[in-house]
Amino acid sequence: VQLQAYGGGLVQAGGSLRLSCTPSGRTFSSRYMGWFRQAPGNKREFVAAIRWSGGHTYYRESVQGRFTISRDNAKNTVNLQMNSLKPEDTAVYYCANSRTAILSSIQTERAYDNWGQGTEVTVSS
């Protein structure tokens, strides 16, 4: 199963972008869908996750209140609405899905089974 992430681009600080992630090919089941990001020279880090059943959401502290993760069950799509963007949000953003993760592991990369190719977000100051 492959995931396709799209919606990145160049935006000024304070602006907004909406990222989306959808599977290519057949649909698949997920327990969690997550977004991670990797800035140049940095390790990939957790951004947000959503439990597919029930819709509970989780965020890293630095994006809390600015980013919103949501899901579209009918389209099997997960979105990341990013508002009040800051230059430090500049990174390549990756979506991922996990069939079996437990809550305590959702901020770790190894909990996820499939990854998208990444979409680049650049926030200018």
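Since the structure is predicted, the reported quantities are computational estimates derived from the model, not experimental observations.

J.: How do you make sense of the overall build of the chain when you look at a structure like this?
T.: Within the chain one finds zero helices and eleven strands. When its helices and strands are written in sequence order, the chain yields β-β-β-β-β-β-β-β-β-β-β. Partitioning the intrachain contacts of the chain with sequence separation of at least 6 by distance along the chain shows that 57% fall at a separation of at least 24. Looking at the chain as shown, the accessible area adds up to about 6,500 Å², and 44% of this sits on carbon and sulfur atoms. Here the chain contributes 14 positive and 8 negative side-chain charges, whose respective centroids are spaced 7 Å apart.

J.: Help me out: how do you make sense of the state of the cysteines in this one?
T.: Each disulfide consists of one covalent bond between the sulfur atoms belonging to two cysteines. Applying the stated criterion across every chain, the model contains one disulfide. Disulfide pairing is shown between C21 and C95; the S-S distance is 2.0 Å. Between C21 and C95, the disulfide has an S-S torsion of 65° and is therefore right-handed. Here C21 is found in strand β3 (residues 17-24), whereas its partner C95 is found in strand β9 (residues 91-98), with 74 residues between them in sequence. The pair formed by C21 and C95 is uniform in burial state, with each residue classed as buried.

J.: It is not clear to me how the pairing of strand β11 (residues 119-124) should be interpreted in this structure. Could you clarify?
T.: Here is the key point about a regular strand: its side chains alternate between the two faces of the sheet. With burial as the criterion, only one face of β11 is covered, namely that bearing T119, V121 and V123; the residues E120, T122 and S124 on the opposite face remain uncovered. The pairing of strand β2 (residues 9-12) with β11 spans four bridges and is parallel. The residue bridging V11 from the neighbouring strand is V123, located in β11. Here three bridges tie β9 to β11, and the two strands are oriented antiparallel to one another. Of the residues in β11, the one forming a bridge with V92 is E120.

J.: In this structure, what is going on with the nonpolar core? I would like to understand it.
T.: Soluble globular proteins: nonpolar side chains tend toward being buried together. Membership of the largest hydrophobic core comes to 25 residues, with the highest contact counts inside it found for W35, F67, L80, M82 and Y93. Looking at this core, the elements that each hand over two or more residues are β1 (2-6), β3, β4 (32-38), β5 (45-51), β7 (67-72), β8 (77-82), β9 and β11. Other than its neighbours up to four places away in sequence, Y93 contacts L19, W35, F36, R37, V47, F67, L80, M82, G118, T119 and V121. Among the nonpolar cores identified, the runner-up in size contains nine residues, and F36, A101, A111 and Y112 belong to it.

J.: Hey, could you run me through unusual backbone geometry in this one?
T.: Note: most residues except glycine have negative phi, and most peptide bonds are trans. One non-glycine residue, N76, lies in the positive phi region at around 55°. For N76, the position within the fold is in the loop between β7 and β8. With relative accessibility at 11%, the residue N76 sits in the buried group. Not every positive phi belongs to a glycine, and S84 is a case in point at roughly 50°. Turning to its location among the elements, S84 is positioned in the loop between β8 and β9.

J.: Sorry, what's going on with the environment of V63 here?
T.: With respect to the helices and strands, the residue V63 is situated in the loop between β6 (57-59) and β7. Here V63 falls in the buried class, since its relative accessible area comes to 0%. Residues V63 and I50, spaced 13 residues apart in sequence, show a C-alpha to C-alpha distance of 14 Å. Apart from residues lying up to four places away in sequence, V63 is in contact with R37, V47 and D89.

Cut-off values and rules
Residues numbered from 1 in each chain as written. Predicted model: local features only at pLDDT ≥ 70, side-chain atom pairs only at ≥ 80, totals over all residues. Heavy atoms only, no water. Helix = DSSP H or I, 4+ residues; strand = E, 2+ residues; numbered from the N terminus. Contact = heavy atoms within 4.5 Å. Areas by Shrake-Rupley, 256 points an atom, 1.4 Å probe, with all protein chains shown as cover. Lys, Arg positive; Asp, Glu negative; His and termini not counted. Charge placed at Lys NZ, Arg CZ, Asp CG, Glu CD. Disulfide = S-S within 2.5 Å. Buried < 20%, exposed > 50% of the residue type's maximum accessible area, 1.4 Å probe, protein only. Pairing = 2+ DSSP bridges. Core = buried A, V, L, I, M, F, W, Y, C linked by side-chain atoms within 4.5 Å.

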